[in-house]
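In case you want the letters, here they are:
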Amino acid sequence: MAVLAVSSSGPLIAFATAPALAIAFWRNGLATVVLTPVTLGRRRGELTGGGRRALTFCLLAGVALAAHFATWMPSVQLGSVATATALGATQPVWQGLIAAGQGRRPSTAGWIGIALAVGGAAWTTGLDVGVSGTAVLADVLAVFGAIFAAVYTALGEQARATLSTTTYTWICYGSCAVLLLLVCLIGGVRLGGYDNRTWAAILALVAGAQLLGHSMFNYALQRTSATTVSVLILLEVPGAALLAWLWLGQQPRVDALPGLGLLLAGVVVVILGATRANRPVVDPARTD
């Protein structure tokens, strides 16, 4: 469900005629508005009793999410969508390095799965690094976007240890929206005056990619590692390609199919490795 929801993000952004940063602001801001009644109602106790450490992780996750949007989305406009997507798909690599720095180094199977998935994503999207100054800037922004996405997921994993999904996402999306609003105002980004088609696309992004996609992945962080979630997010690559084909008529290349196979194989290897690592050890000497 989460993969299908986030897969709609790329086609909807391409469909909308609004600045990328403005779209990022509205999807986070409106999602915060939707979550406010629940958070300030049934979940209000978590805001005061959740602990300073957890709330700090929420705010930092919002900063990282805003940094991700502020770097990766402009990279799509400055360079090619394929290159930005491929470089953004390096997120699991940075996620694995962060986990290793936290003393939770991925297993050998995990690293193999990450390599297969990232390589498959690059093959599928047709990585084509440009040589012009603008293209290099776009590539650097895309890489930073992947790094910030990994930081956002790692911080979310820490916050979700004690907070509910609703409270975490409300604080995270809200702080992200405030930062993006400041960036848009300072940069003179147009925040309104769009046609009905664009507003419909933004609302669809809020309902799908944000409230369903991001929130469900955040829910999963309480039950699986950030590295596994980052690899699963790579399934957005074939999902977005399929939706773009059915909706926008952007037919995928035949030579991209082997890349899809590699990506899926990498995801399977990571998930099986995580399942095996989490399986309880049975003592053969016990009889109870």
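As the structure is a computational prediction, the values presented were derived from the model and not from experiment. Along each chain, the written sequence defines residue order, and numbers are assigned to residues from 1. Reporting in this predicted model follows two pLDDT cut-offs: at least 70 for local features of residues, and 80 or more for side-chain atom pairs to be given and counted; totals over whole chains, interfaces and linings ignore these cut-offs and use all residues. Side-chain numbers come from the whole structure's heavy atoms, not from hydrogens or water.

Caption draft 1: How the structure looks around the overall build of the chain. Assigned secondary structure in the chain consists of 14 helices and 0 strands. The cut-offs for exposure are 20% and 50% of the maximum accessible area for each residue type, with area from a 1.4 Å probe on protein chains only; residues under the lower value are buried, those over the upper are exposed, and the others partly exposed. The burial tally for the chain puts 46% of its 288 residues in the buried class. Long-range pairs, those at least 24 residues apart, make up 87% of the contacts in the chain with a sequence separation of at least 6. Entry remark: accessible area of the chain is about 13700 Å², with carbon and sulfur atoms responsible for 69%. For helices the rule is a DSSP run of H or I covering at least 4 residues; for strands it is a run of E covering at least 2, with both sets numbered from the N terminus onward. Only heavy atoms enter the contact rule, under which two residues are in contact if any of them lie within 4.5 Å. In this description, accessible areas are obtained by the Shrake-Rupley approach with a 1.4 Å probe, and a residue is regarded as covered only by the protein chains that are shown.

Caption draft 2: Fine view of the nonpolar core. Nonpolar cores were defined as sets of buried Ala, Val, Leu, Ile, Met, Phe, Trp, Tyr and Cys residues, with membership established by side-chain atoms within 4.5 Å. By size, the foremost hydrophobic cluster in this structure holds 40 residues, and its most contacted members are L65, F69, Y152, Y168, C172, Y173 and L180. Secondary structure elements with two or more residues in this core: α3 (20-39), α5 (52-78), α9 (133-159), α10 (165-187) and α11 (196-220). With 11 residues, the next largest nonpolar core counts A89, A117, V231 and L263 among its residues.

Caption draft 3: Representation of the environment of L264. Summarising the element assignment, L264 is placed in helix α14 (residues 257-278). Exposure remark for L264: the relative accessible area of 45% places this residue in the partly exposed category. Spatially, the C-alpha atoms of L264 and V231 are 9.8 Å apart, while their sequence positions differ by 33 residues.

Caption draft 4: The arrangement of the UniProt feature "transmembrane region" (unreviewed entry) in the chain in detail. UniProt positions are given in the numbering used here, feature names are shortened, and annotations may be inferred rather than shown by experiment. In the numbering adopted here, UniProt assigns the feature "transmembrane region" (unreviewed entry) to residues 12-34, 54-72, 133-155, 167-192, 198-217, 229-248 and 260-277. Secondary structure across residues 167-192 comprises 81% helix and 0% strand; the distance between its end C-alpha atoms is 28 Å. Each end of residues 198-217 is marked by a C-alpha atom, and these two atoms are 26 Å apart; helix forms 100% of the span and strand 0%.

Caption draft 5: Geometry of the side chain of S175. Within the secondary structure, S175 is located in helix α10. Under the relative-accessibility criterion, S175 is labelled buried at 15%. Identification of polar contacts relies on pairs of N or O atoms within 3.5 Å, with a donor-acceptor requirement for protein atoms, meaning one able to donate a hydrogen and the other able to accept it, and with residues adjacent in sequence counted only if both atoms are side-chain atoms. A distance of 3.0 Å separates a polar side-chain atom of S175 from the backbone oxygen of C172. Every residue in contact with S175, bar those within four places of it in the chain, is listed here: C58, L59, G62 and V63.

Caption draft 6: How the structure looks around the packing of α3 against α11. Here, axes are lines fitted to C-alpha atoms. For helices the fit covers the stretch in contact, and angles between N-to-C directions go from 0 to 180 degrees. Two elements in contact, α3 and α11, have axes separated by 9 Å at closest approach and are oriented at 65 degrees. In terms of crossing hand, the pair formed by α3 and α11 is right-handed. Residues I23, W26, R27, N28, L30, A31, V34 and L35 of α3 form the contact with α11, whose own contacting residues are W199, I202, L203, L205, V206, A209, Q210, L211 and H214. The residue classification treats Ala, Val, Leu, Ile, Met, Phe, Trp, Tyr, Cys and Pro as nonpolar and Asp, Glu, Lys and Arg as charged. All others, Gly included, are polar. Tallied by class, the residues present in the contact of α3 with α11 amount to 13 nonpolar, 3 polar and 1 charged. Put simply, a crossing is left-handed when the front helix is turned counterclockwise from the back one by less than a right angle, and right-handed when it is turned clockwise.

Caption draft 7: Expanded view of helix α7 (residues 91-101). For α7, the complete set of buried residues consists of Q91, P92, Q95, G96 and A99. An end-on view of α7 places all buried positions within 135 degrees of arc, on one side of the element. Two residues or fewer after α7 comes G103, characterised by a positive phi angle close to 85 degrees. The arc in question is the one traced by the directions running from the helix axis out to the C-beta atoms.

Caption draft 8: Region of the structure containing the environment of R105. Relative to the helices and strands, R105 resides in the loop between α7 and α8 (108-125). On the basis of relative accessibility, which here comes to 61%, the residue R105 falls in the exposed class. Look past the residues within four positions of R105 in its chain and what remains in contact with it is A99, A100 and W111.

Caption draft 9: Quick look at the state of the cysteines. The definition used for a disulfide is geometric: two cysteine sulfur atoms within 2.5 Å. Scanning the model with the defined rule gives 0 disulfides in all. No disulfide involves C172; its sulfur sits 6.5 Å from the nearest other cysteine sulfur, which is in C176.

Caption draft 10: Fine view of the packing of aromatic side chains. When two rings of Phe, Tyr or Trp (its six-membered ring) have centres within 6.5 Å they constitute a pair, described as stacked for plane angles under 30 degrees, edge-to-face for angles over 60, and tilted for the intermediate range. A full pass over the atoms with the stated rule returns 4 aromatic pairs. Taking the centre distance of 5.4 Å and the plane angle of 75 degrees together, the rings of W26 and W199 count as edge-to-face. With W26 in helix α3 and W199 in helix α11, the pair connects residues that are 173 residues apart, well separated along the chain.

Caption draft 11: Highlighting helix α12 (residues 226-233). Counting buried residues along α12, 6 of its 8 residues qualify, which places the element largely inside the surrounding structure. Taken as a whole, α12 has its buried residues at A226, T227, T228, V229, S230 and V231.

Caption draft 12: Local environment of the pattern of salt bridges. Salt bridges are defined by distance alone: a side-chain nitrogen of Lys or Arg within 4 Å of a carboxyl oxygen of Asp or Glu. Enumeration over the complete set of coordinates arrives at 1 salt bridge. R43 serves as the salt-bridge partner of E46, at 3.4 Å between the closest nitrogen and oxygen. Given a relative accessible area of 17%, E46 falls into the buried group.

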